[in-house]
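# Observations on chain architecture
Single-letter residue listing:
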Amino acid sequence: MNEISLKQATDTLTRADRVFVCTHVEPDGDALGSLLSLGSLLRKMGKQVTLACQDPVPENLRFLPGSGDIRRPDGVDADAFDLACSIDASDLGRIGSAARVFSACPRRLAIDHHASNTRFGLENYVDSTVASSGNLVCRLFGETGVRMDENDALLLYAALSTDTGNFSFGQMDEEFFLQMAGLMHAGLDISPAARQLHLIKSPYHIKLLGRAIASLRFFSGGRQAGMRLTHADFEKTGAKPEHAEGIVNRALNIYGVEMCYLASEEEDGVKFNLRAVPPHDVSRIAVEFGGGGHLLASGFTSRKPLNDAVRALRARMEAELGRE
Ligand SMILES: [Mn+2]
């Protein structure tokens, strides 16, 4: 439960010899960029480092340098480390099967930026005023004085740009852009990296997107928008549920829309993704339907048939926005 400063976190890392570093399940660009750059920093400090994540690196992030070194926690000897370090995870459950190794280490450091962080380390370097965990790794590079190379810059760019939606939201301040300038100084080639991370989509995603857009309907006088993807949409495109990631945002980013949903028929029911713009709160609606999430981005799964499930949610959103 011990809250520590940047300087203390640096001391803890400096004192360690063999370090286990892990991140959250279903890793994204911040999780992997932070994990890999922290691993690189520790290796440059002369440490023996093992990097672990319960889930595999998604295909679109396999270009990140070093991503092939990340292992599953399963076979890892929990007694082999004097320090375990978790990065970008808000609680112990979020690191999944890495918790076994993490919890067995005599020293346990959690580095994170989530406001909901439970301080599950013995030491916790948590700052929820930064946009990404990558910003905290940038600070650690600064504090240790270790020189950042091109690969580190690419990894940290992945972290900073992912958690801000490619510099569109989140807590971007002067320090954030000074750190970005530091990445450019270290040799970041930003255009190909941006294309790789933010512009290129899989053909499956684009085919699903076409079907979702074809299903787009407006309600509440254009303030509510909804899209759906059926079993047939997945079958005919050959796409998997993971290829639908980000599609719901297309309905939100339309003039006049304040609240939207994407309903997808999946194996265990109809999965709903909800989005809103302030001052609305879709987490409250998601909780009412048995799910949860954040104020502006949440979700739930319904066991009802698609049409019934959609009708129930639409009525709830209309109660919020009006029925015009
Ligand atoms: Mn993050």
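Residues numbered from 1 in each chain as written. Predicted model: local features only at pLDDT ≥ 70, side-chain atom pairs only at ≥ 80, totals over all residues.

## What to know about the environment of Leu51
Secondary-structure assignment places Leu51 in strand β3 (residues 48-52). C-alpha separation for the pair Leu51 and His198, spaced 147 residues apart in sequence, amounts to 25 Å. Those residues in contact with Leu51, other than ones at most four positions away along the chain, are Val21, Leu35, Leu36, Gly39, Asp69, Ile70 and Arg71. (Helix = DSSP H or I, 4+ residues; strand = E, 2+ residues; numbered from the N terminus. Contact = placed C-beta atoms within 7 Å.)

## Describing the domain arrangement of the chain
When the domains of the chain are assigned, the result is domain 1 (2-199) and domain 2 (203-321). Just the C-alpha atoms count here: the centres of domain 1 and domain 2 sit 31 Å apart. (Domains from an automatic or database assignment.)

## A word on the packing of helix α1 (residues 6-15) against helix α4 (residues 133-144)
Running from N to C, α1 and α4 cross one another at 75 degrees; their axes reach a closest spacing of 10 Å. Judged by the angle between their axes, α1 and α4 are roughly perpendicular. Along the contact surface, α1 presents Leu6, Lys7, Ala9 and Thr10, while α4 presents Arg139, Leu140, Glu143 and Thr144. Classifying every residue of the contact of α1 with α4 gives three nonpolar, two polar and three charged. (Axes fitted to C-alpha atoms, helices over the stretch in contact; angles between N-to-C directions. Parallel < 35°, antiparallel > 145°, perpendicular 65-115°, else oblique. Nonpolar A, V, L, I, M, F, W, Y, C, P; charged D, E, K, R; others polar.)

## Details of the nonpolar core
Core analysis: the biggest nonpolar cluster contains 59 residues, and Phe20, Val21, Leu35, Cys85, Phe102 and Leu156 have the highest contact counts within it. Top contributing element to this core by residue count: helix α5 (residues 150-162), with eight residues. If sequence neighbours within four positions are ignored, Leu156 has contacts with Gly33, Ser37, Gly134, Val137, Cys138 and Leu183. In terms of nonpolar packing, the next biggest core, distinct from the first, is built from 28 residues, Leu209, Ala244, Met259 and Phe272 among them. (Core = buried A, V, L, I, M, F, W, Y, C linked by C-beta atoms within 7 Å. Buried ≥ 20, exposed ≤ 12 C-beta atoms within 10 Å, placed from the backbone.)

## Some words on the pairing of strand β12 (residues 297-302)
In this sheet, β12 lies alongside strand β10 (residues 269-276) in antiparallel orientation, the contact comprising six bridges. Each bridged residue has a counterpart across the sheet, and for Lys271 the counterpart in β12 is Thr301. Across two bridges, strand β11 (residues 292-293) lies against β12 in antiparallel orientation. Considered in β12, the bridge of Gly293 is made with Ser298. Taking the residues between adjacent antiparallel strands as the criterion, β11 and β12 are bridged by three residues. (Pairing = 2+ DSSP bridges.)

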